[in-house]
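Residue strings, one per chain:
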Amino acid sequence: MSDWLGHALASPALVLMLGALLIAALPRWLHGVWLLTIPAAALALLWQLPMGEYGQLSLFGFDLTTLRVDGLSRIWATIFLIAAFLTGLYALHVNDRLQHVAALAYAGAAVGAVLAGDLVTLFIFWEATAIASVFLIWAQRTIKAHIVGLRYLVIQVISGLLLMMGAIIHYHATGSIAFNHLGLATPGGLLIFAAFGIKAAFPLLHNWVQDAYPEATVSGTVILSIYTTKLAIYSLARGYAGTEALITIGAIMTIFPIFFAVIENDLRRVLAYSLNNQLGFMVVGIGIGTPLALNGAAAHAFAHILYKGLLFMSMGAVLYRVGTVKASELGGLYKSMPWTAAFCIVGSMSISAFPLFSGFVTKSMILTAAAENHHWIAWMAMLVASAGVLDHSGIKVPFFSFFHHDAGFRVREAPLNMLLAMGATAALCIGIGVYPAPLYAILPFDVDYSPYTTTHVVNQLQLLMFAALAFVVLFRSGLYPPEVRGVNLDTDWLYRAALPAAGRAIHRGVSALRAGLVRGLAQLAGVAQHWLTEGFGTNGVAARTWTSGVMLLWVTALLAAYLLIYY
Amino acid sequence: MTQPQTRPGVFERKPVIQTLIALIALICAGLLAAEFFYAKHPHFGFDGWFGFYPLAGFVAYCFIVLSAKLARPLLRRDEDYYDEQARQSLQTPIEDDTHE
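Residues numbered from 1 in each chain as written. Chains lettered and ligands numbered in written order. Predicted model: local features only at pLDDT ≥ 70, side-chain atom pairs only at ≥ 80, totals over all residues. Heavy atoms only, no water.

1. Let's talk about the overall build of chain A
Along chain A, the regular secondary structure elements total 21 helices and three strands. The C-alpha atoms of chain A give 32 Å as radius of gyration, which overshoots the globular expectation for 567 residues (24 Å, by more than 25%). Dimensions of chain A, computed from the C-alpha atoms along their principal axes, are close to 125 × 65 × 60 Å. The 567 residues of chain A split such that 60% are buried. Computing the positive centroid from 28 side-chain charges and the negative centroid from 23, chain A places the two 12 Å apart. (Helix = DSSP H or I, 4+ residues; strand = E, 2+ residues; numbered from the N terminus. Rg over C-alpha atoms; globule rule 2.2 N^0.38 Å. Buried < 20%, exposed > 50% of the residue type's maximum accessible area, 1.4 Å probe, protein only. Lys, Arg positive; Asp, Glu negative; His and termini not counted. Charge placed at Lys NZ, Arg CZ, Asp CG, Glu CD.)

2. Focus on empty space enclosed by the protein
Residue and element names in this part refer to chain A. Evaluated as defined, the whole model comprises two cavities of 30 Å³ or more. Computed from the structure, the largest cavity encloses a volume of approximately 100 Å³. Surrounding the largest cavity, 13 residues form its lining, Leu35, Thr87, Gly88, Ala103 and Ile223 being those nearest its centre. Counting only elements with at least two residues in the lining of the largest cavity, the list comes to helix H3 (71-90), helix H4 (97-114) and helix H9 (218-224). Looking at which element gives the most residues to the lining of the largest cavity, the answer is H4, with five residues. Reported here for the second largest cavity is a volume of approximately 50 Å³. Surrounding the second largest cavity, Ala83, Leu86, Thr87, Val222, Ile226, Ile305, Leu306, Gly309, Met313 and Thr425 form its lining. Of all the secondary-structure elements, those providing two or more residues to the lining of the second largest cavity are H3 and helix H13 (291-322). Of all the elements, H13 adds the most residues to the lining of the second largest cavity, at four residues. Of the residues contributing to the lining of the second largest cavity, the split by class is seven nonpolar, three polar and no charged. (1 Å grid on protein atoms, 1.4 Å probe; cavity = no way out; pocket = protein on both sides within 12 Å on 5 of 7 lines; lining within 4 Å. Points joined across faces, edges and corners; volume = space filled by probe spheres on them. Nonpolar A, V, L, I, M, F, W, Y, C, P; charged D, E, K, R; others polar.)

3. A look at the packing of H13 of chain A against helix H14 (residues 338-351) of chain A
All names here are of chain A. At a closest axis distance of 8 Å, the pairing of H13 and H14 adopts a crossing angle of 150°. On the basis of the axis angle, H13 is roughly antiparallel to H14. At the point where H13 passes H14, the crossing takes the left-handed sense. Only Thr340, Phe343, Cys344, Val346, Gly347, Ser348, Ser350 and Ile351 of H14 make contact with H13, whose side of the interface consists of Tyr307, Lys308, Leu310, Leu311, Ser314, Met315 and Ala317. (Axes fitted to C-alpha atoms, helices over the stretch in contact; angles between N-to-C directions. Parallel < 35°, antiparallel > 145°, perpendicular 65-115°, else oblique. Left-handed = near helix turned anticlockwise from the far one by under 90°. Contact = heavy atoms within 4.5 Å.)

4. Points about a nonpolar patch on the surface
Residues Leu356, Ile430, Val434, Tyr435 and Tyr452 of chain A make up a contiguous nonpolar surface patch of roughly 480 Å² in combined accessible area. Structurally, Tyr452 of chain A is set in the loop between helix H18 (437-441) and helix H19 (454-476). (Patch = residues over 30% accessible without salt bridge, like charges linked within 9 Å, V, L, I, M, F, W, Y side chains within 5 Å. Areas by Shrake-Rupley, 256 points an atom, 1.4 Å probe, with all protein chains shown as cover. Salt bridge = Lys/Arg side-chain N within 4 Å of Asp/Glu carboxyl O.)

5. Notes on the domain arrangement of chain A
What the domain assignment lists for chain A is domain 1 (241-490) and domain 2 (493-527). Just the C-alpha atoms count here: the centres of domain 1 of chain A and domain 2 of chain A sit 50 Å apart. (Domains from an automatic or database assignment.)

6. Focus on the nonpolar core
Residue and element names in this part refer to chain A. Among the nonpolar cores identified, the biggest contains 209 residues, and Trp76, Phe80, Phe196 and Leu236 are the most heavily contacted of them. For this core, the element with the highest residue contribution is H13, accounting for 21 residues. Setting aside residues no more than four positions away along its own chain, Phe196 makes contact with Leu122, Trp126, Leu163, Phe179, Ala232, Ser235, Leu236 and Tyr240. (Core = buried A, V, L, I, M, F, W, Y, C linked by side-chain atoms within 4.5 Å.)

7. A look at the layout of surface pockets
Quantified by volume, the largest pocket comes out at close to 1000 Å³. As for the largest pocket, its lining consists of 26 residues, of which Phe399, Phe403 and Phe471 of chain A together with Leu20 and Ile24 of chain B are closest to the centre. When contributions to the lining of the largest pocket are tallied by element, the ones reaching two or more residues are H14, helix H16 (376-402) and H19 of chain A together with helix H1 (14-33) of chain B. Taken together, the residues of the lining of the largest pocket sort by class into 20 nonpolar, five polar and one charged. A volume near 610 Å³ is recorded for the second largest pocket. When contributions to the lining of the second largest pocket are tallied by element, the ones reaching two or more residues are helix H6 (143-174), helix H8 (207-212), helix H12 (267-288), strand E3 (487-488) and helix H20 (492-536) of chain A together with helix H3 (81-99) of chain B.

8. Topic: the pairing of strand E2 (residues 62-69) of chain A
Residue and element names in this part refer to chain A. Within E2, six of the eight residues are buried, leaving the element largely enclosed by the surrounding structure. In terms of strand pairing, strand E1 (residues 52-59) meets E2 through seven bridges, oriented antiparallel. Directly across from Gly52, in E2, lies its bridge partner Val69. Where E1 folds back onto E2 in an antiparallel hairpin, the turn is made up of two residues, including Phe60, whose phi is positive at roughly 50°. (Pairing = 2+ DSSP bridges.)

9. Brief notes about the pattern of salt bridges
Scanning the entire structure with this criterion turns up 13 salt bridges over all chains. Close ionic contact of Asp96 of chain A with Arg141 of chain A constitutes a salt bridge, the shortest N to O distance being 2.9 Å. One end of the pair, Asp96 of chain A, is in the loop between H3 and H4; the other, Arg141 of chain A, is in the loop between helix H5 (119-138) and H6, and 45 residues separate them in sequence. Residue class for Asp96 of chain A comes out buried when judged on its relative accessible area of 11%. On the accessibility criterion, Arg141 of chain A (54% relative accessible area) is exposed. For Lys40 of chain B, the salt bridge identified is with Glu35 of chain B, shortest N-O distance 2.7 Å. Residue class for Glu35 of chain B comes out buried when judged on its relative accessible area of 6%. Each of Arg151, Asp211, Asp492 and Arg496 of chain A takes part in salt bridges that share partners, so that together they form one network.

Following this line, the structure appears as structure tokens:
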């Protein structure tokens, strides 16, 4: 092993972040080379490191472990770096230094966080992902993106603060900052769980995903879809594997975003709901916590990053060429963008888990683990959710953009670099589905699992094809809900409409109260002034001139009263 | 929007669409017939019933799509529903300044 390997400075995360710094200064024509070589170099460095803990350094009196390479962290860092390469290729044509810098810094922060061996390092990189990623939204340079970005950043920073508080409490309770199994039994563990839950988009904490991701730039949305949520999934797998509550949370997560995805019109937002639903499968796997289930969660995260990235890339290409991804406006694009359509269908088949596509060989591990551990409710939820996935990501996204009725758009096919990125990602989706052995080989645990049994293939095809048949029946009979313009209320209504309205109401109330008080005081002051003027003004009683006879009378009266009292 | 084409695209021709639908129906029939020809390994019991997966796929799909359709009138708002909100909250402090 070379001397420099294992030093905190020779971290794949820092390679990416340093690359980001350099891109800020490099001339434009070098960006392309840089966007591809940096992730490749970081990936090579990661795989040079043998399993173990490296990069020890002292900071704020803590002994940090900045590099922990084990089965769990390595597979996550690997897919993050592969994704960084693919999104670099996808964004090659983008003439915006800000986005390139943010993309590499964000990838670096995410890789640093999954390689973190302690909670302090995790916190630092956790916050770095928030700060780097928001620039991919702000890079739209619109007022709307600015507002959405601020909202996104606030929620990300709240997650970071919860993590920090949890880590401090955990440190005081245990005297250790090591990031291993935490559990829900301690207050620190609960706070950190909430921090992870926000970034993993748990039900009711989820809406930042659907709010922010569809408002980022064309390549920004693809990049955002990769890191933050999967970093949270990794963190849950590290700290809360086998936590029963996660099975319930995950099962709800697989189901409820589906309904929103079905009626959503913005296809990038449909994919954001679909992302949420896929995270649910991983969360269930982590909750079950057996080696097969955790392998399933890791493998599904790996496959998910690729097919979800591919779907976002194809919708990004549509947005780039057509200028909208509203299902109500699109249709018939297969004529203009046949390659994009084909790649999108590969992504759809993968997320729907058709045999020979990546989702099939990974999702089935989680379902099998749920069945083997007799979690029949979670299993049923995932089965129903699988039919739902076929609708919103398998059918709705490709059908309403590339097929359906021809909306009349005659545009050029996506740029070559986008096509290459989509092609490479699609090849990986099919490659994993056809030949899953290399993926299974780098999973955290040694588990003997084969997805291609007759029962499994037949059952999966039955589920999907009859769901597809249901689409045909509903669509032909006119029962399928039409694509119409509009926004759908979700939990973000609470802080986008209810909270501001409440704030305005309180503001109005306080203003009215203040105005009333001022008016009342003014009236009071008027009365007092009037009374004082009457008494002591120029024409007041006290200022009048009196004759000496009257005064004499008064003095006599007073003396008489005096005499009377003391008599 | 350009002029509609004189000749409809491949996937807009009736025979093609009908062939595709027939293909899906045929595959479904084949998959239902397959129920007789493989050994099931049910984990819960009910997943070993005849036609469980086909039924689950069909019913679950209809349930999701139709219940989402029912929920739509409750959830859907105008596209600028939040935009207005955002504009108002941006203007509120400005209005206050002019008032006071």
